[in-house]
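Fold and geometry: a report
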Amino acid sequence: MAVTRRGALFGLGSAAAAALGASCTRDDAARARDVDAAFAFSPEVVGHRIRDGARVEPSPDAWRDLGVVIVGAGVAGLSAARALSAADFHDFVVLELESAIGGTARGGRTDVSPHPWGAHYTNLPRAENVDYVAFLRAHGAVEGLDAAGEPIAAEGAICRDPDERSYTAGKWFEGLLPVAVMNAAAAADLAKLEAQVARWAAFRDARGRRAFALPRALGSDADEVRALDTQTFAAWLDAAGITAPPVRWLCDYACRDDFGARPDAVSAWAGLHYFTSRHRETGDGSAPVLTWPEGNGRMVDWLAADAHPEILTGLAVADVQPLEAGGVEVRALDVATGAARGFRAKQVLLAVPQVFAGRLLRSFRDAPPAHLAEFVYGPWLVANLELHTRPGARGYPLSWDNVPYGSDALGYICATHQAGNDWGPTVLTWYEALADADAKAARKALLSWDAAACRDRVFADLRSAHPDLVRRTTRVTFARHGHAMVRPRPGFVFGAAREAAAQPFRGVHFAHTDLSGLALFEEAFWHGRRAAAEILVAQGRTG
Amino acid sequence: MDRVPLLFLNVLVVATCGLVYELLAGTLASYVLGDSVTQFSLIIGLYLSAMGVGAWLSGKIERNLAMRFLDVELGVAIIGGLSAPILLLSFARLSWFPVVLYGLVFVIGTLVGLELPILMRICQDRLSFKDLVSRILTFDYLGALVGSLLFPLVFVPKLGLLKTSVFFGLCNAAVALWGTWLLADVLGAGVRLLRARALFVIALLGFAFTQVDLIEGLAEDDLFPDPVVLSKTTPYQRVVFTQSKRGFNLYLNGNLQFSSGDEYRYHEALVHPAFAAAPAPPRHVLVLGGGDGLAVREILKQPGVETVDLVDLDPAMPALARGFRPLVELNGDAFADPRVTAHEADAFIWVDTAPAGRFDAAIIDFPDPNNFALGKLYTRLFYQKLRRILAPGAAVTIQCTSPLYARLSYWSIIRTIEAAGFRVHPYHATVPSFGIWGYALARTVPFDPPQRLTVTGLRFLNDRELASMFTFPADMAAPGADAVEINRLDNQWLVRTYETEWRRWQ
Ligand SMILES: Cc1cc2nc3c(=O)[nH]c(=O)nc-3n(C[C@H](O)[C@H](O)[C@H](O)COP(=O)(O)OP(=O)(O)OC[C@H]3O[C@@H](n4cnc5c(N)ncnc54)[C@H](O)[C@@H]3O)c2cc1C
């Protein structure tokens, strides 16, 4: 049981092993071609079919009358459904284009393990996010409150240690900070960034609000805070003298991870939001990460379980038309059969990105409101790699989040990690935010790749960190999220477009994370509840 | 002659390589034999004196100086270059490993000692004596500096010991090959054959360079103090049985799991206190880990046991416990008993699948928490999961590493079990192969440490010893409350602490 001398000897000796390991053979390319690659679901195909909404015309007997129709079973739609159910309002359906619920927070599963298809974690909320805390507590992810009233996360829900590692210079290191390339200048710049984060974490405006709260609506709109929204994060970093490449990489990684864009395309407010909203005065300085093998798919299931709404999946809404006489007509296409279905409701909630709202809502199609053009979305590619055995690695062991330093992608999550499943086959969920400044071009490129091209992209990205990956992978499946994340470009978060977009329009209400200017579970959850409250008022129920 | 400066470059390389071989031998010797001060002193002394022998021997060489010089250099290349692999492979035969070690050091030292005097004589008609001595010695000492800097700063961290060794052998051989051109005018007839020899040495070392991993793998077999009688690599671990005069030993991943000579102490202390503390004779018993069947052997001594469920990650262990003769004899063929069922699973996941309230006693015998995959089996969450499948009043014993060698780790486990809602009585026993070993006895209700065993005729435990195991001397007693943390899945405090604590004892 004791560690032997031999251990020390081999620790040194095996350093030698890696030098050779990095060489990659010609069969690798051939092997890679044999790895089965496929798209898991292709909403864009349906998307194109419904672009021209007018052609979907349900027969008279295919219409249903309801109090409310929710379009979109993502987090926002389900959160609204949950809030309606909680108010004892049940006269509604949820229509979802996909075969399963969850949207960008959807989970999936293979024979080996559940895994995410998109969002994979949330941060332990502060007490001020009352409804979210209550939700997590009801499902056991929060096990109680501490003396200060702040939530305590359940042990099984907090990301299991080892949580993060990064690959630099031939070796894995604990944590995301690329320690192997940190030098004195980088350490000094990191200290500058940390000081700024601490400063903004301590900030309270005249009304006692934080600079960066979750949900965003609870945060400050004081002038100093708004000033951060007028410049790019890159410009702000330059001005703060934070220029060392390792620290800039960390910032770049953070922006791509949270916003799907680079620091020169998002506001300083957004960049600081990433670091500061997670900052905690206690523990190791950051809020515990909560995660599940299927990622936020777990919370999606909880929302659905709480609401137990009628959800019609595989139904693509093609047209939403407010009527002169009041009420709204919704026309939808059954994706499998091609049959048209109609719904008449007093209120409709569009729980989809605004770019889709603009296509679905007939009046918006005819005369697009100015605010729509302000919503810019970056595309994402997500891969689930099924491995028959785990990749070998030098240095720090396989962790939950594994990030190669310097990569343009975001590394991968190990789906079996949180379950304590440490042996044999696993599933790795690999992420890439296509962070080109030109989001449209990036989206076009993404949609032009076939599954084999996507597979080559993943393997190329991970080749140096895991030369043995190809031969361990049995299958790769992909999700392409064309409008994955709204980009908090300078001026967007405090601009007029977001507020304009959230205003109900002739019986049509809006809820989606993009209305916060950020793509986060907390925001989608909050907007779902906000819209549900509006709807209940409109329904004559004062909530 | 204009080639003389190039010969000095040769001196530099030769000196660098010479120093590196010396450092390699010193480093390897202190790794495997310990006591680095003694090892380094011995090896430096021996090496320098061997160089003296070489210098003296150089006087015996009369003719064909250039040829002899290059042959010596090739000899250094081969022996020096392969020195680390040879030493590693011969480490196992502890009885004569020092002979190999010091012998090699002596041979290399002698060869290196031959080099400079011969080279000086080769150059003697080309330079004045004054210049010759000053230049050659300058480059010699400079080479030593280069070697002493490159070795710890660049080569060992980047290449490891084995590759460093072979790499410098290659350098040496390459310089020798180059020398066949530099000294062409004095080499005479044999030059082609000499080049062939040099190329052969380079090819040999080049091949060795690509085979270093294999050599390490081979060496691993040999790195046990006793002869290996069975070794098996499973997807989970490397299982090795060694045989000594006193009995046989099981190693998992190179870590000793038990020694047949004293394992009864460990297993009696692990199993019987749970039965002594249980409110009624346990009928359904759970064993987590312990695929060797030795804990099961003890459990089957207890009256009233109806079922034993054993969960081990690695199916190879129960298979060996059923089929490997010495182990079958030791565990009394425990797995042949119809009451025993072995499950192949990670206990962390398996406990969620077992029926609630099922077990009257649980014996937990995981390897020490030296990695994260094992550390999870010592977390509060794991003990909470375990609680679910225990019957009311059930008693649990847990192996908890050594309270002496890893005091904070030990008490962290105790506090963690308590934090999961158990009442815990810590206890310990002496197992010579391991030292002082620690356990926990836990129940979900308040209880006193047991006074009376429920079986008689054990080799180690009797009632007196049972009671005394629960008292702790000062150097193993609970440290202050702030010194240990609860081990949680999200902090794995134990794994981090355990590593630091054991490192001190290496
Ligand atoms: C790859 C990726 C990783 C992410 N990681 C995280 C993370 O770790 N943590 C985090 O908090 N957030 C993360 N996010 C952000 C995540 O998007 C939000 O957390 C949240 O899930 C957004 O929910 P939503 O309901 O607002 O929108 P969406 O998820 O976009 O939901 C919209 C729903 O509407 C449906 N829909 C669209 N058009 C139609 C139509 N015509 N008819 C019917 N239905 C339609 C869609 O199929 C979808 O189900 C990530 C996002 C992506 C893309």
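Reading the values: the criteria
- Residues numbered from 1 in each chain as written.
- Chains lettered and ligands numbered in written order.
- Predicted model: local features only at pLDDT ≥ 70, side-chain atom pairs only at ≥ 80, totals over all residues.
- Heavy atoms only, no water.
- Helix = DSSP H or I, 4+ residues; strand = E, 2+ residues; numbered from the N terminus.
- Rg over C-alpha atoms; globule rule 2.2 N^0.38 Å.
- Buried < 20%, exposed > 50% of the residue type's maximum accessible area, 1.4 Å probe, protein only.
- Core = buried A, V, L, I, M, F, W, Y, C linked by side-chain atoms within 4.5 Å.
- Contact = heavy atoms within 4.5 Å.
- Domains from an automatic or database assignment.
- Buried area = accessible area lost by both parts, 1.4 Å probe.
- Salt bridge = Lys/Arg side-chain N within 4 Å of Asp/Glu carboxyl O.
- Polar contact = N/O pair within 3.5 Å; in protein donor to acceptor, adjacent residues only side chain to side chain.
- Nonpolar A, V, L, I, M, F, W, Y, C, P; charged D, E, K, R; others polar.
- Disulfide = S-S within 2.5 Å.
- Near = heavy atom within 4 Å.
- Areas by Shrake-Rupley, 256 points an atom, 1.4 Å probe, with all protein chains shown as cover.
- Phe/Tyr/Trp six-rings, centres within 6.5 Å; stacked < 30°, edge-to-face > 60°.
- Lys NZ or Arg CZ within 6 Å of the ring centre and 35° of its normal.
- pLDDT = per-residue confidence, 0-100.

1. Focus: the overall build of chain B
In terms of regular secondary structure, chain B is built from 19 helices and 11 strands. Its C-alpha radius of gyration of 31 Å places chain B more than 25% over the 23 Å reference for a compact globule of 506 residues. Considering only C-alpha atoms, chain B reaches an extent of 100 × 50 × 40 Å along its principal axes. Of all 506 residues assigned to chain B, the portion counted as buried reaches 58%.

2. Here we look at the nonpolar core
Residues and elements named next belong to chain B. I122, L183 and L187 are the most contacted members of the largest nonpolar core, which totals 67 residues. Mapped onto this core, the elements with two or more residues apiece are helix 1 (4–33), helix 2 (36–58), helix 3 (65–81), helix 4 (83–90), helix 5 (97–123), helix 6 (129–182), helix 8 (191–210) and helix 9 (212–222). Excluding residues that lie within four positions of it along the chain, L187 makes contacts with A66, M67, L70, G179, T180 and L194. Counting residues in each nonpolar core, the second largest holds 62 residues, with L230, L300, V305 and F324 among its members.

3. Digging into the environment of B:E465
Residue and element names in this part refer to chain B. Here E465 is to be found in helix 18 (residues 463–468). Since its relative accessible area comes to 26%, E465 is described here as partly exposed. Separated by 352 residues in the primary sequence, E465 and G113 place their C-alpha atoms 64 Å from one another.

4. Quick word on unusual backbone geometry
Residues other than glycine predominantly adopt negative phi, and peptide bonds predominantly adopt the trans conformation. Following A:D161, the chain continues to A:P162 via a peptide bond in cis, the omega torsion being 0°. When you line up the elements, A:P162 lands in the loop between strand 8 (151–153) and strand 9 (164–168). The residue after A:L214, namely A:P215, is reached through a cis peptide bond having omega -5°. Considering the arrangement of structural elements, one finds A:P215 in the loop between helix 6 (184–202) and helix 7 (223–227). With phi around 65°, A:D88 is a residue other than glycine that occupies positive phi space. Tracing the backbone shows A:D88 in the loop between helix 4 (75–86) and strand 3 (92–96). What makes A:D88 exposed here is its relative accessible area of 53%. Residues other than glycine seldom take positive phi values, yet B:Q492 does so here, at roughly 40°.

5. Observations concerning the domain arrangement of chain A
Residues and elements named next belong to chain A. Each domain of chain A was delimited in the assignment, giving domain 1 (28–41 + 377–486), domain 2 (55–106 + 295–374 + 489–538) and domain 3 (185–286). Between the C-alpha centres of domain 2 and domain 3 there is a distance of 32 Å. Of the roughly 1,400 Å² buried between domain 2 and domain 3 on both sides combined, carbon and sulfur atoms contribute 66%. When the area that domain 2 buries against domain 3 is broken down by residue, the three leading residues are P490, F494 and L518, summing to 46%. At the junction of domain 2 with domain 3, the criterion picks out zero salt bridges. Our count for the domain 2 to domain 3 interface comes out at three residue pairs in polar contact (both at pLDDT 80 or more). Per element, the largest residue contribution to the side of domain 2 that touches domain 3 is three residues, and it comes from helix 18 (residues 521–538). Residue classes in the side of domain 2 that touches domain 3 are distributed as eight nonpolar, two polar and four charged.

6. Re the state of the cysteines
The bond known as a disulfide is covalent and runs between the sulfur atoms of two cysteines. Per the stated rule, a full pass over the model turns up zero disulfides over all chains. Take B:C171: it sits in no disulfide, and the sulfur closest to it among the cysteines is that of B:C17, at 5.3 Å.

7. Some points on the site of the ligand
All names here are of chain A. Surveying the vicinity of the ligand reveals 37 residues, the closest of which are A76, E96, T104, Y121 and H512. T104 is positioned with one of its side-chain polar atoms (N or O) 2.5 Å from an oxygen atom of the ligand. A distance of 3.0 Å is found between a nitrogen atom of the ligand and a backbone nitrogen or oxygen belonging to V317. Protein chains shield 95% of the accessible area of the ligand, which is 990 Å² for the free molecule. Among the secondary structure elements, those contributing two or more residues to the shell around the ligand are helix 4, strand 3, strand 13 (315–322), helix 12 (354–360), strand 16 (377–387), strand 20 (473–486) and helix 18. In terms of residue count, strand 13 provides more of the shell around the ligand than any other element does, three residues in total.

8. So, the domain arrangement of chain B
Domain annotation for chain B reports domain 1 (4–220), domain 2 (226–258) and domain 3 (262–503). Here the C-alpha centroids of domain 1 of chain B and domain 2 of chain B sit 37 Å apart.

9. Section: the packing of aromatic side chains
If you walk through the whole model with that rule in mind, you get 49 aromatic pairs over all chains. Arranged with centres 5.0 Å apart and planes meeting at 35°, the rings of B:Y427 and B:F470 form a pair that is tilted. Taken together, the residues B:Y427 in strand 10 (residues 423–431) and B:F470 in the loop between helix 18 and helix 19 (493–503) connect sequence positions 43 residues apart. B:F470 gets classed as buried once you look at its relative accessible area, which sits at 13%. These aromatic residues form a ring-pair network of at least three members: B:Y266, B:Y405, B:Y427, B:F434, B:W437, B:Y439, B:F470, B:Y498 and B:W502. Over the ring of A:F39 we find A:R480; its NZ or CZ atom is 3.6 Å from the centre of that ring. Stacked on the ring of B:Y264, the Lys or Arg B:R459 has its end atom at 3.8 Å from the ring centre.

10. Some remarks on the pattern of salt bridges
All names here are of chain A. A full pass over the atoms with the stated rule returns 48 salt bridges over all chains. The closest approach of N and O atoms between D205 and R209, which form a salt bridge, is 3.0 Å. Residue D205 is classed as buried on the basis of its relative accessible area of 10%. As a salt-bridge pair, R475 and E386 come within 3.4 Å of each other at their nearest N and O atoms. In this pair, R475 is assigned in strand 20 and E386 in strand 16, connecting sequence segments 89 residues apart. When its relative accessible area of 30% is taken as the criterion, R475 is described as partly exposed.

11. A look at the confidence of the model for chain B
The pLDDT averaged across chain B works out to 89; a share of 94% of its residues lies at or above 70. The ipTM, which scores confidence in the relative placement of chains, is 0.86 for this predicted complex, and the corresponding pTM is 0.80.

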